[in-house]
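Okay, here's what each chain looks like letter by letter:
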Amino acid sequence: MLNGVKKDFPVFEHNPGLVYLDSGATSQKPRQVIEAIKDYYERHNANIHRGIYSLAARSTRLYNESKEKVRRFINARSTKEIVFTKNATEGLNLVMYSLGRGIGEGDEIVITISEHHANLVPWQQLAKWKGATLKVIDVDDEGHLDLKDAKEKITPRTRIVALNHVSNVTGVIHPVEEVIGMAKKVGAITVVDACQSVPHIPVDVQAMGADFIAFSSHKMLGPTGIGVLWGREELLGEMEPFLFGGDMIETVNLDESTWNDLPMKFEAGTPPIAQAAGLSAAIDYLDSLGMERVYEHEKTIVEYTLDKLLSMDHLTLYGPHTPQDRIAIFTFNVKGLHAHDVAQFLDYKGIATRSGHHCAQPLLRRLGAKDTSTVRASLYIYNDLSDADALIEALKEVRKYAG
Ligand SMILES: Cc1ncc(COP(=O)(O)O)c(C=O)c1O
(Lines give C-alpha, C1' and ligand atoms only; values in the text may rest on other atoms or scores of the structure.)
Protein backbone atom coordinates (compact mmCIF):
# COMPACT_ATOMS: atom_id res chain seq x y z
CA MET A 1 0.00 0.00 0.00
CA LEU A 2 1.06 3.58 -0.60
CA ASN A 3 1.10 5.41 2.70
CA GLY A 4 0.88 9.06 3.63
CA VAL A 5 -0.39 10.17 0.23
CA LYS A 6 -3.64 11.77 1.38
CA LYS A 7 -1.87 14.57 3.22
CA ASP A 8 -0.60 15.93 -0.11
CA PHE A 9 -4.16 16.59 -1.27
CA PRO A 10 -5.61 19.82 0.18
CA VAL A 11 -9.17 18.84 -0.76
CA PHE A 12 -9.17 16.39 2.15
CA GLU A 13 -8.11 19.13 4.59
CA HIS A 14 -10.91 21.36 3.38
CA ASN A 15 -13.49 18.54 3.43
CA PRO A 16 -12.78 16.58 6.62
CA GLY A 17 -14.20 13.09 6.48
CA LEU A 18 -14.61 13.10 2.69
CA VAL A 19 -14.39 9.61 1.21
CA TYR A 20 -13.72 10.39 -2.43
CA LEU A 21 -14.55 7.41 -4.63
CA ASP A 22 -15.00 9.16 -7.97
CA SER A 23 -11.48 9.25 -9.39
CA GLY A 24 -12.68 7.53 -12.55
CA ALA A 25 -14.44 10.80 -13.36
CA THR A 26 -11.60 13.03 -12.22
CA SER A 27 -8.80 12.69 -9.71
CA GLN A 28 -8.03 15.06 -6.87
CA LYS A 29 -4.91 17.25 -7.22
CA PRO A 30 -1.85 17.21 -4.98
CA ARG A 31 -0.50 20.44 -3.56
CA GLN A 32 2.50 20.18 -5.93
CA VAL A 33 0.22 20.44 -8.98
CA ILE A 34 -1.79 23.34 -7.56
CA GLU A 35 1.46 25.13 -6.67
CA ALA A 36 2.94 24.54 -10.14
CA ILE A 37 -0.05 26.23 -11.78
CA LYS A 38 0.05 29.14 -9.32
CA ASP A 39 3.80 29.45 -9.79
CA TYR A 40 3.41 29.49 -13.58
CA TYR A 41 0.94 32.38 -13.46
CA GLU A 42 2.88 34.29 -10.82
CA ARG A 43 6.35 33.96 -12.34
CA HIS A 44 6.39 32.74 -15.93
CA ASN A 45 3.15 33.69 -17.67
CA ALA A 46 3.56 34.64 -21.35
CA ASN A 47 2.28 33.19 -24.59
CA ILE A 48 4.62 30.58 -26.04
CA HIS A 49 6.52 30.29 -29.35
CA ARG A 50 5.90 33.84 -30.60
CA GLY A 51 7.79 36.13 -28.23
CA ILE A 52 11.55 36.58 -28.29
CA TYR A 53 11.67 38.18 -24.84
CA SER A 54 13.01 36.14 -21.92
CA LEU A 55 9.67 35.59 -20.18
CA ALA A 56 8.15 34.10 -23.35
CA ALA A 57 11.22 31.94 -23.82
CA ARG A 58 10.86 30.66 -20.26
CA SER A 59 7.19 29.91 -20.72
CA THR A 60 7.97 28.07 -23.98
CA ARG A 61 10.67 26.08 -22.21
CA LEU A 62 8.25 25.02 -19.46
CA TYR A 63 5.73 23.93 -22.08
CA ASN A 64 8.37 21.92 -23.95
CA GLU A 65 9.64 20.36 -20.73
CA SER A 66 6.14 19.17 -20.04
CA LYS A 67 6.10 17.37 -23.42
CA GLU A 68 9.40 15.71 -22.58
CA LYS A 69 7.97 14.50 -19.26
CA VAL A 70 4.95 13.02 -21.04
CA ARG A 71 7.25 11.41 -23.62
CA ARG A 72 9.29 9.72 -20.92
CA PHE A 73 6.23 8.73 -18.90
CA ILE A 74 4.73 6.72 -21.77
CA ASN A 75 8.07 5.85 -23.40
CA ALA A 76 7.37 7.55 -26.72
CA ARG A 77 10.25 7.90 -29.16
CA SER A 78 10.07 11.67 -29.63
CA THR A 79 8.21 14.73 -28.38
CA LYS A 80 7.11 15.20 -32.01
CA GLU A 81 4.67 12.42 -31.21
CA ILE A 82 3.09 14.22 -28.25
CA VAL A 83 0.15 16.48 -29.11
CA PHE A 84 -1.55 18.47 -26.36
CA THR A 85 -5.31 18.63 -26.75
CA LYS A 86 -8.14 19.87 -24.57
CA ASN A 87 -8.86 16.36 -23.24
CA ALA A 88 -8.90 12.74 -24.38
CA THR A 89 -12.19 13.27 -26.20
CA GLU A 90 -10.59 15.92 -28.40
CA GLY A 91 -7.61 13.64 -29.08
CA LEU A 92 -9.91 10.85 -30.22
CA ASN A 93 -11.91 13.27 -32.38
CA LEU A 94 -8.68 14.61 -33.87
CA VAL A 95 -7.73 11.14 -35.05
CA MET A 96 -11.26 10.44 -36.29
CA TYR A 97 -11.51 13.67 -38.33
CA SER A 98 -8.01 13.44 -39.71
CA LEU A 99 -7.89 9.72 -40.53
CA GLY A 100 -11.55 9.86 -41.50
CA ARG A 101 -10.67 11.75 -44.68
CA GLY A 102 -9.29 8.50 -46.08
CA ILE A 103 -12.26 6.30 -45.11
CA GLY A 104 -14.74 5.33 -47.80
CA GLU A 105 -17.72 3.13 -48.59
CA GLY A 106 -17.14 -0.52 -47.87
CA ASP A 107 -14.41 0.19 -45.33
CA GLU A 108 -14.86 -1.24 -41.86
CA ILE A 109 -14.22 0.42 -38.52
CA VAL A 110 -14.03 -1.88 -35.50
CA ILE A 111 -14.68 -0.81 -31.91
CA THR A 112 -15.70 -2.75 -28.78
CA ILE A 113 -18.95 -2.66 -26.85
CA SER A 114 -16.90 -1.67 -23.83
CA GLU A 115 -16.13 1.85 -25.12
CA HIS A 116 -16.74 5.11 -23.33
CA HIS A 117 -18.93 7.28 -25.59
CA ALA A 118 -15.79 9.34 -26.39
CA ASN A 119 -14.37 6.38 -28.31
CA LEU A 120 -17.70 5.21 -29.72
CA VAL A 121 -19.74 8.14 -30.99
CA PRO A 122 -16.92 9.63 -33.16
CA TRP A 123 -16.46 6.29 -35.01
CA GLN A 124 -20.20 5.74 -35.26
CA GLN A 125 -20.59 9.17 -36.87
CA LEU A 126 -17.61 8.65 -39.19
CA ALA A 127 -19.12 5.37 -40.41
CA LYS A 128 -22.42 7.18 -41.12
CA TRP A 129 -20.76 10.05 -43.01
CA LYS A 130 -18.58 7.81 -45.14
CA GLY A 131 -20.89 4.85 -45.71
CA ALA A 132 -18.44 2.64 -43.84
CA THR A 133 -19.48 -0.25 -41.61
CA LEU A 134 -19.11 -0.08 -37.82
CA LYS A 135 -18.39 -3.46 -36.26
CA VAL A 136 -18.47 -4.03 -32.52
CA ILE A 137 -16.42 -6.60 -30.62
CA ASP A 138 -18.40 -8.15 -27.78
CA VAL A 139 -17.41 -8.75 -24.15
CA ASP A 140 -18.39 -11.64 -21.88
CA ASP A 141 -20.88 -11.22 -19.03
CA GLU A 142 -18.14 -9.87 -16.74
CA GLY A 143 -16.82 -7.38 -19.29
CA HIS A 144 -13.74 -9.22 -20.61
CA LEU A 145 -13.10 -8.73 -24.33
CA ASP A 146 -14.20 -11.63 -26.49
CA LEU A 147 -10.98 -12.27 -28.42
CA LYS A 148 -12.64 -14.91 -30.63
CA ASP A 149 -15.16 -12.29 -31.68
CA ALA A 150 -12.32 -9.81 -32.25
CA LYS A 151 -10.68 -12.30 -34.61
CA GLU A 152 -13.91 -12.61 -36.58
CA LYS A 153 -14.71 -8.89 -36.67
CA ILE A 154 -11.24 -7.73 -37.80
CA THR A 155 -10.97 -8.53 -41.52
CA PRO A 156 -8.94 -7.35 -44.51
CA ARG A 157 -11.59 -4.62 -44.93
CA THR A 158 -10.87 -3.20 -41.47
CA ARG A 159 -9.21 0.21 -41.67
CA ILE A 160 -9.36 1.35 -38.04
CA VAL A 161 -9.59 -0.54 -34.74
CA ALA A 162 -10.44 1.65 -31.73
CA LEU A 163 -10.60 0.24 -28.22
CA ASN A 164 -10.10 1.17 -24.60
CA HIS A 165 -7.19 -0.13 -22.56
CA VAL A 166 -9.07 -0.15 -19.25
CA SER A 167 -12.85 0.06 -18.93
CA ASN A 168 -14.21 2.96 -16.92
CA VAL A 169 -17.17 0.75 -15.88
CA THR A 170 -15.67 -2.64 -15.07
CA GLY A 171 -12.04 -1.68 -14.42
CA VAL A 172 -10.93 -4.56 -16.69
CA ILE A 173 -7.46 -4.19 -18.20
CA HIS A 174 -8.04 -5.40 -21.75
CA PRO A 175 -5.36 -7.37 -23.60
CA VAL A 176 -5.00 -4.57 -26.14
CA GLU A 177 -1.69 -5.96 -27.43
CA GLU A 178 -3.50 -9.03 -28.78
CA VAL A 179 -6.13 -6.97 -30.59
CA ILE A 180 -3.43 -4.63 -31.92
CA GLY A 181 -1.63 -7.71 -33.26
CA MET A 182 -4.81 -8.79 -35.11
CA ALA A 183 -5.25 -5.28 -36.53
CA LYS A 184 -1.63 -5.13 -37.70
CA LYS A 185 -2.02 -8.39 -39.61
CA VAL A 186 -4.69 -6.77 -41.81
CA GLY A 187 -2.96 -3.37 -42.01
CA ALA A 188 -5.53 -1.53 -39.84
CA ILE A 189 -4.65 1.52 -37.75
CA THR A 190 -5.16 1.17 -33.99
CA VAL A 191 -6.41 3.84 -31.63
CA VAL A 192 -6.33 3.15 -27.89
CA ASP A 193 -8.35 5.10 -25.35
CA ALA A 194 -5.90 5.07 -22.45
CA CYS A 195 -7.88 7.38 -20.15
CA GLN A 196 -8.21 4.81 -17.38
CA SER A 197 -4.88 3.08 -17.90
CA VAL A 198 -2.22 5.80 -17.95
CA PRO A 199 -3.17 7.09 -14.45
CA HIS A 200 -3.29 3.60 -12.91
CA ILE A 201 -0.84 1.19 -14.55
CA PRO A 202 2.54 1.53 -16.27
CA VAL A 203 1.97 2.23 -19.97
CA ASP A 204 4.70 1.91 -22.60
CA VAL A 205 3.45 2.92 -26.03
CA GLN A 206 6.28 1.19 -27.85
CA ALA A 207 5.64 -2.10 -26.06
CA MET A 208 1.89 -1.76 -26.61
CA GLY A 209 2.36 -1.34 -30.36
CA ALA A 210 -0.66 0.93 -30.99
CA ASP A 211 -0.64 3.74 -33.56
CA PHE A 212 -2.40 6.29 -31.32
CA ILE A 213 -3.30 6.60 -27.67
CA ALA A 214 -5.32 9.36 -25.99
CA PHE A 215 -5.65 10.27 -22.32
CA SER A 216 -6.62 13.18 -20.05
CA SER A 217 -4.47 14.99 -17.50
CA HIS A 218 -7.32 15.50 -15.06
CA LYS A 219 -7.65 11.78 -14.31
CA MET A 220 -3.93 11.49 -13.43
CA LEU A 221 -3.65 14.23 -10.78
CA GLY A 222 -3.18 17.02 -13.34
CA PRO A 223 -5.47 19.92 -14.18
CA THR A 224 -8.51 19.91 -16.43
CA GLY A 225 -8.20 21.52 -19.86
CA ILE A 226 -5.30 19.44 -21.18
CA GLY A 227 -5.17 15.99 -22.74
CA VAL A 228 -2.53 14.03 -24.59
CA LEU A 229 -2.68 12.43 -27.98
CA TRP A 230 0.33 10.27 -28.75
CA GLY A 231 0.68 9.10 -32.34
CA ARG A 232 3.37 7.47 -34.43
CA GLU A 233 5.48 10.19 -36.01
CA GLU A 234 5.18 8.81 -39.54
CA LEU A 235 1.37 8.70 -39.31
CA LEU A 236 1.02 12.16 -37.74
CA GLY A 237 3.38 13.43 -40.44
CA GLU A 238 1.12 12.13 -43.22
CA MET A 239 -2.15 13.25 -41.64
CA GLU A 240 -3.96 16.49 -42.43
CA PRO A 241 -4.47 18.93 -39.55
CA PHE A 242 -7.66 18.78 -37.53
CA LEU A 243 -8.00 22.42 -36.45
CA PHE A 244 -6.69 25.34 -38.50
CA GLY A 245 -5.38 28.74 -37.37
CA GLY A 246 -2.38 30.29 -35.66
CA ASP A 247 0.69 28.31 -34.60
CA MET A 248 -0.12 25.26 -36.73
CA ILE A 249 1.01 26.92 -39.99
CA GLU A 250 4.39 27.48 -41.61
CA THR A 251 3.43 30.01 -44.32
CA VAL A 252 0.05 31.48 -45.17
CA ASN A 253 -0.92 33.00 -48.52
CA LEU A 254 -4.41 34.03 -49.43
CA ASP A 255 -4.95 30.96 -51.58
CA GLU A 256 -2.76 28.36 -49.84
CA SER A 257 -1.08 27.52 -46.55
CA THR A 258 1.58 25.09 -45.42
CA TRP A 259 1.81 23.38 -42.08
CA ASN A 260 4.17 23.66 -39.15
CA ASP A 261 6.36 20.76 -37.97
CA LEU A 262 5.06 18.12 -35.59
CA PRO A 263 3.54 18.36 -33.11
CA MET A 264 2.55 22.03 -33.67
CA LYS A 265 0.71 21.06 -36.86
CA PHE A 266 -1.98 19.66 -34.56
CA GLU A 267 -1.95 22.45 -31.94
CA ALA A 268 -3.85 25.36 -33.46
CA GLY A 269 -4.13 28.51 -31.35
CA THR A 270 -2.81 29.18 -27.86
CA PRO A 271 -2.32 25.81 -26.17
CA PRO A 272 -3.02 24.96 -22.51
CA ILE A 273 0.27 26.35 -21.15
CA ALA A 274 -0.48 26.64 -17.44
CA GLN A 275 -2.17 23.26 -17.62
CA ALA A 276 1.00 21.80 -19.17
CA ALA A 277 2.95 23.09 -16.15
CA GLY A 278 0.40 21.38 -13.90
CA LEU A 279 0.63 18.14 -15.89
CA SER A 280 4.43 18.22 -15.51
CA ALA A 281 4.04 18.38 -11.75
CA ALA A 282 1.47 15.56 -11.83
CA ILE A 283 3.90 13.34 -13.73
CA ASP A 284 6.67 14.21 -11.27
CA TYR A 285 4.35 13.20 -8.45
CA LEU A 286 3.38 9.87 -10.06
CA ASP A 287 7.05 9.23 -10.92
CA SER A 288 8.00 9.81 -7.30
CA LEU A 289 5.53 7.08 -6.26
CA GLY A 290 6.39 4.80 -9.19
CA MET A 291 3.67 3.48 -11.49
CA GLU A 292 4.37 -0.14 -10.50
CA ARG A 293 3.59 0.82 -6.90
CA VAL A 294 0.48 2.71 -7.98
CA TYR A 295 -0.79 -0.45 -9.67
CA GLU A 296 0.17 -2.61 -6.66
CA HIS A 297 -1.78 -0.23 -4.42
CA GLU A 298 -4.89 -0.69 -6.55
CA LYS A 299 -4.46 -4.46 -6.58
CA THR A 300 -4.40 -4.45 -2.78
CA ILE A 301 -7.61 -2.42 -2.70
CA VAL A 302 -9.28 -4.76 -5.21
CA GLU A 303 -8.28 -7.87 -3.27
CA TYR A 304 -9.57 -6.37 -0.03
CA THR A 305 -12.84 -4.98 -1.38
CA LEU A 306 -14.07 -7.37 -4.05
CA ASP A 307 -15.00 -10.36 -1.87
CA LYS A 308 -16.74 -8.11 0.62
CA LEU A 309 -18.89 -6.60 -2.12
CA LEU A 310 -19.58 -10.02 -3.62
CA SER A 311 -20.72 -11.38 -0.25
CA MET A 312 -23.58 -8.86 -0.07
CA ASP A 313 -26.53 -10.53 -1.75
CA HIS A 314 -28.49 -7.28 -1.98
CA LEU A 315 -25.85 -6.00 -4.44
CA THR A 316 -25.46 -6.75 -8.14
CA LEU A 317 -21.84 -6.23 -9.12
CA TYR A 318 -21.08 -5.54 -12.78
CA GLY A 319 -17.69 -6.50 -14.13
CA PRO A 320 -15.30 -9.27 -13.11
CA HIS A 321 -15.85 -11.25 -9.93
CA THR A 322 -12.13 -12.04 -9.86
CA PRO A 323 -9.32 -9.70 -8.81
CA GLN A 324 -6.91 -10.30 -11.72
CA ASP A 325 -6.13 -7.73 -14.40
CA ARG A 326 -8.26 -4.89 -13.16
CA ILE A 327 -8.00 -1.55 -11.44
CA ALA A 328 -9.95 -0.36 -8.39
CA ILE A 329 -13.29 0.41 -10.05
CA PHE A 330 -16.46 -1.22 -8.68
CA THR A 331 -19.79 -0.75 -10.42
CA PHE A 332 -22.95 -2.05 -8.80
CA ASN A 333 -26.63 -1.67 -8.02
CA VAL A 334 -28.55 -2.29 -4.84
CA LYS A 335 -31.53 -4.50 -5.61
CA GLY A 336 -34.79 -2.56 -5.59
CA LEU A 337 -33.14 0.88 -5.33
CA HIS A 338 -32.32 3.36 -8.04
CA ALA A 339 -28.61 4.12 -8.44
CA HIS A 340 -29.18 7.83 -7.78
CA ASP A 341 -30.88 7.04 -4.47
CA VAL A 342 -27.98 4.82 -3.42
CA ALA A 343 -25.45 7.51 -4.41
CA GLN A 344 -27.45 10.04 -2.43
CA PHE A 345 -27.44 7.78 0.62
CA LEU A 346 -23.67 7.35 0.26
CA ASP A 347 -23.24 11.09 -0.04
CA TYR A 348 -25.16 11.49 3.20
CA LYS A 349 -22.43 9.29 4.71
CA GLY A 350 -19.72 11.50 3.19
CA ILE A 351 -18.93 9.06 0.38
CA ALA A 352 -18.68 10.51 -3.13
CA THR A 353 -19.56 8.00 -5.86
CA ARG A 354 -20.95 8.43 -9.35
CA SER A 355 -24.35 7.17 -10.45
CA GLY A 356 -25.74 6.97 -13.97
CA HIS A 357 -24.54 5.46 -17.21
CA HIS A 358 -20.85 6.49 -16.91
CA CYS A 359 -20.86 7.48 -20.60
CA ALA A 360 -20.99 3.83 -21.58
CA GLN A 361 -24.65 3.05 -22.26
CA PRO A 362 -24.10 0.13 -24.70
CA LEU A 363 -21.77 -1.59 -22.22
CA LEU A 364 -24.21 -1.23 -19.33
CA ARG A 365 -26.98 -2.73 -21.46
CA ARG A 366 -24.66 -5.60 -22.41
CA LEU A 367 -23.84 -6.25 -18.74
CA GLY A 368 -27.52 -6.38 -17.89
CA ALA A 369 -28.10 -2.97 -16.29
CA LYS A 370 -31.26 -2.49 -18.27
CA ASP A 371 -31.98 1.16 -17.49
CA THR A 372 -28.21 1.79 -17.80
CA SER A 373 -28.04 3.27 -14.33
CA THR A 374 -25.49 1.98 -11.83
CA VAL A 375 -23.34 3.26 -8.97
CA ARG A 376 -19.58 3.40 -9.53
CA ALA A 377 -16.95 3.60 -6.81
CA SER A 378 -13.50 4.29 -8.27
CA LEU A 379 -10.47 4.46 -5.99
CA TYR A 380 -6.99 5.85 -6.48
CA ILE A 381 -3.67 6.48 -4.74
CA TYR A 382 -5.10 8.63 -1.91
CA ASN A 383 -7.71 6.02 -0.97
CA ASP A 384 -6.85 3.39 1.59
CA LEU A 385 -8.61 0.39 3.07
CA SER A 386 -10.50 2.61 5.52
CA ASP A 387 -12.22 4.22 2.51
CA ALA A 388 -13.16 0.75 1.24
CA ASP A 389 -14.49 -0.06 4.74
CA ALA A 390 -16.59 3.12 4.76
CA LEU A 391 -18.20 2.07 1.47
CA ILE A 392 -18.80 -1.49 2.65
CA GLU A 393 -20.36 -0.39 5.97
CA ALA A 394 -22.63 2.12 4.22
CA LEU A 395 -23.71 -0.53 1.73
CA LYS A 396 -24.53 -2.90 4.59
CA GLU A 397 -26.66 -0.15 6.08
CA VAL A 398 -28.49 0.56 2.85
CA ARG A 399 -29.72 -3.02 2.88
CA LYS A 400 -32.72 -2.04 5.00
CA TYR A 401 -34.02 0.01 2.05
CA ALA A 402 -33.25 -2.70 -0.54
CA GLY A 403 -36.09 -4.49 -2.31
C1 LIG B 1 -12.42 5.36 -20.67
C2 LIG B 1 -12.65 6.83 -20.88
N3 LIG B 1 -12.50 7.34 -22.11
C4 LIG B 1 -12.68 8.64 -22.36
C5 LIG B 1 -13.05 9.52 -21.37
C6 LIG B 1 -13.24 10.94 -21.70
O7 LIG B 1 -12.33 11.73 -21.02
P8 LIG B 1 -12.43 13.33 -21.13
O9 LIG B 1 -13.81 13.67 -20.68
O10 LIG B 1 -11.39 13.82 -20.20
O11 LIG B 1 -12.18 13.69 -22.54
C12 LIG B 1 -13.25 9.02 -20.08
C13 LIG B 1 -13.70 9.92 -19.00
O14 LIG B 1 -14.51 9.57 -18.18
C15 LIG B 1 -13.03 7.65 -19.82
O16 LIG B 1 -13.19 7.13 -18.61
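Structure: see above.
Residues numbered from 1 in each chain as written. Predicted model: local features only at pLDDT ≥ 70, side-chain atom pairs only at ≥ 80, totals over all residues. Heavy atoms only, no water.

Enquirer: Just checking my understanding: could you explain the packing of helix α4 (residues 88–100) against helix α5 (residues 121–130) for this structure?
Expert: The geometry of a pair of packed helices is captured by two quantities: the angle between their axes and the separation between those axes. Viewed as axis vectors pointing N to C, α4 and α5 meet at an angle of 20 degrees, and their least axial separation amounts to 10 Å. Relative to α5, α4 is oriented roughly parallel. Between α4 and α5 the crossing geometry is right-handed. Note on element contacts: α5 touches α4 through Pro122, Trp123, Leu126, Trp129 and Lys130, opposite Leu92, Asn93, Val95, Met96, Tyr97 and Gly100. Its residues assigned to classes, the contact of α4 with α5 shows eight nonpolar, two polar and one charged. (Axes fitted to C-alpha atoms, helices over the stretch in contact; angles between N-to-C directions. Helix = DSSP H or I, 4+ residues; strand = E, 2+ residues; numbered from the N terminus. Parallel < 35°, antiparallel > 145°, perpendicular 65-115°, else oblique. Left-handed = near helix turned anticlockwise from the far one by under 90°. Contact = heavy atoms within 4.5 Å. Nonpolar A, V, L, I, M, F, W, Y, C, P; charged D, E, K, R; others polar.)

Enquirer: Whenever I open this one, the sheet that holds strand β7 (residues 212–216) confuses me. Can you help?
Expert: With mixed pairing, seven strands are arranged side by side in an open sheet as β2-β8-β7-β6-β5-β3-β4. Both edges of this open sheet fall to β2 (82–85) and β4 (133–137), since each of them pairs with a single strand only. Across this sheet, the average inter-strand angle for adjacent strands is 20 degrees, counted without regard to direction. In terms of strand pairing, strand β5 (residues 158–164) meets strand β6 (residues 189–193) through five bridges, oriented parallel. Along β6, the bridge assignment pairs Ala162 with Val191. Strand contacts of helix α7 (residues 176–185): β5 and β6, with the helix running at about 175 degrees to β5, the strand carrying the most contacts. (Pairing = 2+ DSSP bridges.)

Enquirer: Even after reading the chapter, I still don't get α7, so can you show me in this structure?
Expert: Turn by turn, an α-helix covers 3.6 residues, leaving residues three or four places apart pointing in a common direction. Turning to α7, its buried residues are Val176, Val179, Ile180, Met182 and Ala183. With its buried residues spanning 160 degrees around the axis, α7 presents them on a single face. Structurally, α7 contributes buried residues whose contacts are with α6 (147–153), β5, β6 and α8 (205–208). Just past α7, the residue Gly187 takes up positive phi, approximately 75 degrees. (Buried < 20%, exposed > 50% of the residue type's maximum accessible area, 1.4 Å probe, protein only. Arc of directions from axis to C-beta.)

Enquirer: How should the pattern of salt bridges be read in this particular structure?
Expert: A side chain of one charge can pair with a side chain of the opposite charge when the charged atoms of the two come close. Taken as a whole and judged by the stated rule, the model has 24 salt bridges. Between Asp287 and Arg72 there is a salt bridge, and its shortest N-O distance comes to 3.8 Å. Of the two residues, Asp287 sits in helix α10 (residues 273–289) while Arg72 sits in helix α3 (residues 54–74), which places them 215 residues apart along the sequence. Exposure remark for Asp287: the relative accessible area of 36% places this residue in the partly exposed category. The partner of Asp141 in a salt bridge is Arg366, and the shortest N-O contact between them spans 3.0 Å. In this pair, Asp141 sits in the loop between β4 and α6 while Arg366 sits in helix α13 (residues 361–366), placing the two residues 225 residues apart along the sequence. (Salt bridge = Lys/Arg side-chain N within 4 Å of Asp/Glu carboxyl O.)

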